[in-house]
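So the chains spell out like this:
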Amino acid sequence: MKAIRRFTVRPVLPEPLLPLADLARNLRWSWHAETRELFQSVDPEGWQAAGGDPVRLLGAVSAHRLEELAGDRRFLRRLAVVAADLDDYVHGGRWYQSHEEGAGLPAGIAYFSPEFGITAALPQYSGGLGILAGDHLKAASDLGVPLIGVGLLYRHGYFRQSLSRDGWQQEHYPVLDPNELPVSLLRDAEGAPARVSLSLPGGRALHAHIWQARVGRVPLLLLDSDVEDNDAGAREVTDRLYGGGSDHRLLQEMLLGIGGVRAVRTYCRITGHPDPEVFHTNEGHAGFLGLERIRELEGEQGLGFDASVEAVRAGTVFTTHTPVPAGIDRFERDLVARHFGPGAELAGLPVDGILELGAESYPGGDPGVFNMAVMGLRLAQRANGVSTLHGAVSRGMFAGLWPGFDPADVPITSVTNGVHAPTWVAPEVVRLGVRQIGAGRTEDALSVGGSERWDAVADIADQDIWDLRRVLREQLVQEVRDRLRASWLQRGAADAELGWVDSVLDPDVLTIGFARRVPSYKRLTLMLRDPDRLRRLLLDPDRPVQIVVAGKAHPADDGGKRLVQELVRFSDDPRVRHRIVFLPDYGMAMAQKLYPGCDVWLNNPLRPLEACGTSGMKAALNGCLNLSVLDGWWDEWFEPDFGWAIPTADGLGTDEDRRDDLEANALYDLIEGRVAPRFYDRVGRSGLPVRWIEMVRRTLVSLGPKVLAGRMVREYVERLYAPAARAHRALNADAARDLAWWKGRVRAAWPRVAVEHVEALAAAPVNGTAELGATLTLRVRVALDALTPEDVEVQAVAGRVDPQDVIRDGRTFPLKPAAGPDLEGRWMYEGPLALDRTGPYGYTVRILPAHPMLATPAELGLVAAPVDTDAAGDAGAGGGVLLR
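This structure is a prediction, so every number in the text was calculated from the model and none was measured.

K.L.:
I keep staring at the overall build of the protein chain and nothing clicks. Help me out?
P.N.:
The number of helices and strands found in the protein chain is 29 helices and 28 strands. Over its C-alpha atoms the protein chain spans a radius of gyration of 30 Å, differing by no more than 12% from the 29 Å that the globule rule assigns to 884 residues. Seen through its C-alpha atoms, the protein chain measures out along the principal axes to roughly 95 × 75 × 50 Å. Across the 884 residues that make up the protein chain, the buried fraction comes to 58%. In the protein chain, the share of contacts with a sequence separation of at least 24, taken over all contacts with a separation of at least 6, comes to 73%. Taken as a whole, the protein chain presents about 35,200 Å² of accessible surface, with 50% of it coming from carbon and sulfur. Here the protein chain holds 98 positive side-chain charges and 119 negative ones, and the gap between their average locations is 4 Å.

Structural data, given as structure tokens:
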């Protein structure tokens, strides 16, 4: 008989064991080994059955066992030490509290993301975006950054993956009971559950409870629409991560952005946490948070819409993660208008103003859609991509929002992602570090970074590194066999026919790992391009290779599912199934075993479509070498000392088959000719692959400090959060009104702003040449209409030119007013231009808006430059000069 309702009956902890409840509810246990070991000692078998989840463990442990522990002095001493350590971690000063900027740093930062990967015990993530968000929160906690995380609580999470008998992906959506998760309801002073509400068209409402997870020092607020006061449709808004149609997704993103801001305000009011000065949008899904803040300013300070936009922009940071337009959420314009029109949410804001923020009003844009990333960029004064290459890709992809500017001048910077080492580094690796450099220095190296802490890894003996690598590989082999057996039983196999599973993989064979989501651009099946050649690599009698593969295709992506099936069918072949395996249901728990146990981490996306690719970072922190296309983070940090770059065939355009053939052959060649020989090249009496071990050592020493989430969060604090906080403080109500008025005046005048004439005076080029070290004096006549020199900056831009006379790596030289205005309102500007480079050289002149409250001269997307040769005088429009 099936129960009509399910709930958990928890034992009452004896008073001496009460600190266990606090330890279980703070997710620091997910990366703090001593806390996990303490819970494991409560009930080792129960810990295994609970999947390493303290909340589930305490919900199942017997009252008799608890009474035993309450009288166990040794256990109570351990409990006291771990509880005191958590208290010191949460309340003690850390990097942020001792930062030289002190009070100049923001008192609070709100970080919004549609998903967070904190631990497998809180399955609220689908892939890299969520894992990155989780690592961001953990690193912020380690550094003492006053962050508040904001997301949604999905009752079905993403999905669990299994395989049919013929290898087709199948999805399962388990029901998650928040009362069985490491979260608690946020309650007001009277003990009632706190909640937020949104107005929907037709007089409907969307209510949401606020669940709170503690991520070390950082609160994570998760909004849950499964509230009795909601109608059936509203209750399902937070059912699944990335589920449903456009209307469903729009409601999710309204709840995340608008409801999220309201949840933050409620949390700060109840707990006394400082109100955020900076709001960080992790991808465009939470972009509606800017609209709610505009509503607040209009209502509380009486600012108009335009002034409120300026005030909101000042304190907003936007991070884009997608390298392709197809990865951006876009809604029908009419759908958005209906949800923000009369009788719906944010009724006091002008609908046209809202729609303009997300309009694709640039060449090639679709006037019928509302683009969430475009709104995110328009409502954020500071924006970034997640690797150096991705920053460049993003500048090109969004260049239409800044017409007239070269992509290099588009105001999108980059902060390369990092990973939270205490979460992803295997305990065996940590123990080796402690033995070599001490507990304190190891903890600092993993959470804070600093190359001097990692240099000590260079002194670890070759034998110790090789022994560690084999232990980790052996653990992976056992993990793979257990998971493979469980998968085959799910696929309908009988236990009696699975004897072969016990011989799958070999702890002494070179092991390659590949695990990620399965969109087509990540090319799961590139390794199958030449099946016969792959079989030869796997079965080589002297230098065999084994491969572990995992990954999920989106439930609606049948193409991705076909790729999974193709890989599964190859790995089911009895000839090779002991050398290549596909593991279903890739998630954090699997990943924490997979990264350390592999010798090589493979990544072969279509360049440059990998925004960052942090899985290779996690592998590297465990001494795994990267074998990757030069994309994402690998493009900026690759060195032959610690990995291999797969050559690409980018220039073949649309000939995808030819490109994939070439790159697959390059991959086979690398494995066969360089990777495998180095792994199996045993030298001298020790019989160790010393060159391989040195690559492992260089990976740890050189890449270790770079790939840390601590390094990433410090960059966000110093390069984005602190400037955003200063801008937020400076842009009070009066300043916001002044800035909005000034921008309106500039935009109105700009069609009549022009560079009318450019001429070189002193040291003008003779016969198209000039001497290195000479200085040109430029005189420029400009029309400013109603603007004054205080409103603009006139610049010369100079540098080497390519065969098309395009300036590359240009430098700017400010020009100053020399005379004016004349009777027609024109001004003369002059200034020197230093000729500091040899070769083909050129210059041009441009006019940009200038205001102390602008984060960058490109902020308004306005620029005036010479449009013909007459305007450029004798020098020509490009001012081309050949230096010798």
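K.L.:
Before we go on, may I ask you to explain the layout of surface pockets in this structure?
P.N.:
Over the atoms, a rolled probe matching the size of one water molecule traces out where space is still vacant. In this structure, the second largest pocket encloses a volume near 1,700 Å³. Considering the residues around the second largest pocket, the lining is formed by 50 residues, among which Ser30, His32, Ala33, Arg36 and Pro427 are closest to the centre. In terms of residue count, the dominant contributor to the lining of the second largest pocket is helix H23 (residues 588–597) (six residues). Among the residues making up the lining of the second largest pocket, the classes are represented as 22 nonpolar, 13 polar and 15 charged.

K.L.:
Explain the sheet that holds strand E20 (residues 643–646) to me, please; I cannot follow it from the model alone.
P.N.:
Strand-to-strand pairing in sheets goes through backbone hydrogen bonds, with the strands running parallel or antiparallel. An order of E17-E16-E15-E18-E19-E20 is seen for the six strands of this open sheet, with the pairing classed as parallel. With one partner strand each, in any of the chains shown, strand E17 (580–583) and E20 form the two edges of the open sheet. Taken over all neighbouring pairs, the strand axes of this sheet differ in orientation by 20° on average, direction set aside. With four bridges joining them, strand E16 (residues 545–550) and E17 adopt parallel strand pairing. Residue Ile547 lies in a different strand from E17, and its bridge partner there is Ile580. Of the strands in this sheet, strand E15 (510–515), E16, strand E18 (600–603), strand E19 (625–629) and E20 touch helix H26 (residues 656–680), which is tilted by about 165° from E20.

K.L.:
Just checking my understanding: could you explain empty space enclosed by the protein for this structure?
P.N.:
Counting across every chain of the model gives ten cavities of 30 Å³ or more. In this model, the largest cavity occupies a volume close to 260 Å³. Looking at the largest cavity, it is lined by 22 residues, and the ones nearest its centre are Val429, Gly433, Trp454, Val457 and Leu700. Among the secondary structure elements, those contributing two or more residues to the lining of the largest cavity are helix H17 (427–437), helix H18 (439–447), helix H19 (451–454), helix H20 (462–490) and helix H27 (690–703). By residue number, the principal contributor to the lining of the largest cavity is H17, which donates six residues. Of the residues that constitute the lining of the largest cavity, the class distribution is 15 nonpolar, five polar and two charged. Volume-wise, the second largest cavity comes out at about 90 Å³. Those elements that provide at least two residues to the lining of the second largest cavity are H20, helix H22 (558–572) and E17. When the residues that make up the lining of the second largest cavity are grouped by side-chain class, the tally is eight nonpolar, two polar and three charged.

K.L.:
Explain the state of the cysteines to me, please; I cannot follow it from the model alone.
P.N.:
Disulfide: a covalent bond formed between the sulfur atoms of two cysteine residues. Evaluation of the coordinates by the stated rule reveals zero disulfides. Here Cys598 is not cross-linked by a disulfide; its sulfur's nearest cysteine counterpart is in Cys624, at 5.7 Å. Residue classification places Cys598 among the buried positions, given a relative accessible area of 0%. Overall, the relative accessible area of 0% leaves Cys624 in the buried class.

K.L.:
Quick question: what am I supposed to make of the packing of helix H10 (residues 289–300) against helix H11 (residues 305–314) here?
P.N.:
Between two packed helices, the angle of one axis relative to the other and the distance separating the axes together describe the packing. Where H10 contacts H11, the two axes come as close as 9 Å, and the packing angle between them is 125°. Taken together, H10 and H11 sit at an angle that is classed as oblique. Seen from above, H10 lies across H11 with right-handed handedness. Packed against H10, whose contacting residues are Gly290, Arg293, Ile294, Leu297 and Glu298, the element H11 presents Phe305, Ser308, Val309, Ala311 and Val312 at the interface. In the contact of H10 with H11, the residues fall into six nonpolar, two polar and two charged.

K.L.:
What's the story with the nonpolar core in this structure? I'm lost.
P.N.:
Taken as a class, soluble globular proteins show a tendency for nonpolar side chains to be buried jointly. Counting residues in hydrophobic clusters, the biggest one holds 107 residues, and the most contacted among them are Leu510, Met527, Ile547, Leu627, Trp644 and Trp692. Take this core: its biggest share by element is ten residues, from H26. Formed by 100 residues, the second largest nonpolar core is a distinct cluster that contains Cys268, Phe288, Leu289 and Ile354.

K.L.:
It is not clear to me how the packing of aromatic side chains should be interpreted in this structure. Could you clarify?
P.N.:
The geometry of an aromatic ring pair is captured by two quantities: the separation of the ring centres and the angle between the planes. Scanning the entire structure with this criterion turns up 20 aromatic pairs. Aromatic ring contacts, followed pair by pair, group Trp466, Trp644, Phe679, Tyr680 and Trp692 into a single cluster. The aromatic ring of Phe514 is capped on one face by Arg516, whose charged end is 4.7 Å from the ring centroid. The residue whose ring lies beneath Lys552 is Phe159, and the NZ or CZ to ring-centre distance is 4.9 Å.

K.L.:
Can you walk me through the environment of Gly92 in this structure?
P.N.:
Relative to the assigned elements, Gly92 resides in the loop between helix H6 (73–91) and strand E1 (109–112). The residues touching Gly92, leaving out its near neighbours within four places in the chain, are Asp87 and Arg217.

K.L.:
Would you take a moment to explain a positive patch on the surface for this structure?
P.N.:
There is a patch of like positive charges on the surface, built from Arg73, Arg74, Arg77 and Arg78. One can find Arg78 in helix H6.

Rules and cut-offs
Residues numbered from 1 in each chain as written. Predicted model: local features only at pLDDT ≥ 70, side-chain atom pairs only at ≥ 80, totals over all residues. Heavy atoms only, no water. Helix = DSSP H or I, 4+ residues; strand = E, 2+ residues; numbered from the N terminus. Rg over C-alpha atoms; globule rule 2.2 N^0.38 Å. Buried < 20%, exposed > 50% of the residue type's maximum accessible area, 1.4 Å probe, protein only. Contact = heavy atoms within 4.5 Å. Areas by Shrake-Rupley, 256 points an atom, 1.4 Å probe, with all protein chains shown as cover. Lys, Arg positive; Asp, Glu negative; His and termini not counted. Charge placed at Lys NZ, Arg CZ, Asp CG, Glu CD. 1 Å grid on protein atoms, 1.4 Å probe; cavity = no way out; pocket = protein on both sides within 12 Å on 5 of 7 lines; lining within 4 Å. Points joined across faces, edges and corners; volume = space filled by probe spheres on them. Nonpolar A, V, L, I, M, F, W, Y, C, P; charged D, E, K, R; others polar. Pairing = 2+ DSSP bridges. Axes fitted to C-alpha atoms, helices over the stretch in contact; angles between N-to-C directions. Disulfide = S-S within 2.5 Å. Parallel < 35°, antiparallel > 145°, perpendicular 65-115°, else oblique. Left-handed = near helix turned anticlockwise from the far one by under 90°. Core = buried A, V, L, I, M, F, W, Y, C linked by side-chain atoms within 4.5 Å. Phe/Tyr/Trp six-rings, centres within 6.5 Å; stacked < 30°, edge-to-face > 60°. Lys NZ or Arg CZ within 6 Å of the ring centre and 35° of its normal. Patch = residues over 30% accessible without salt bridge, like charges linked within 9 Å, V, L, I, M, F, W, Y side chains within 5 Å. Salt bridge = Lys/Arg side-chain N within 4 Å of Asp/Glu carboxyl O.

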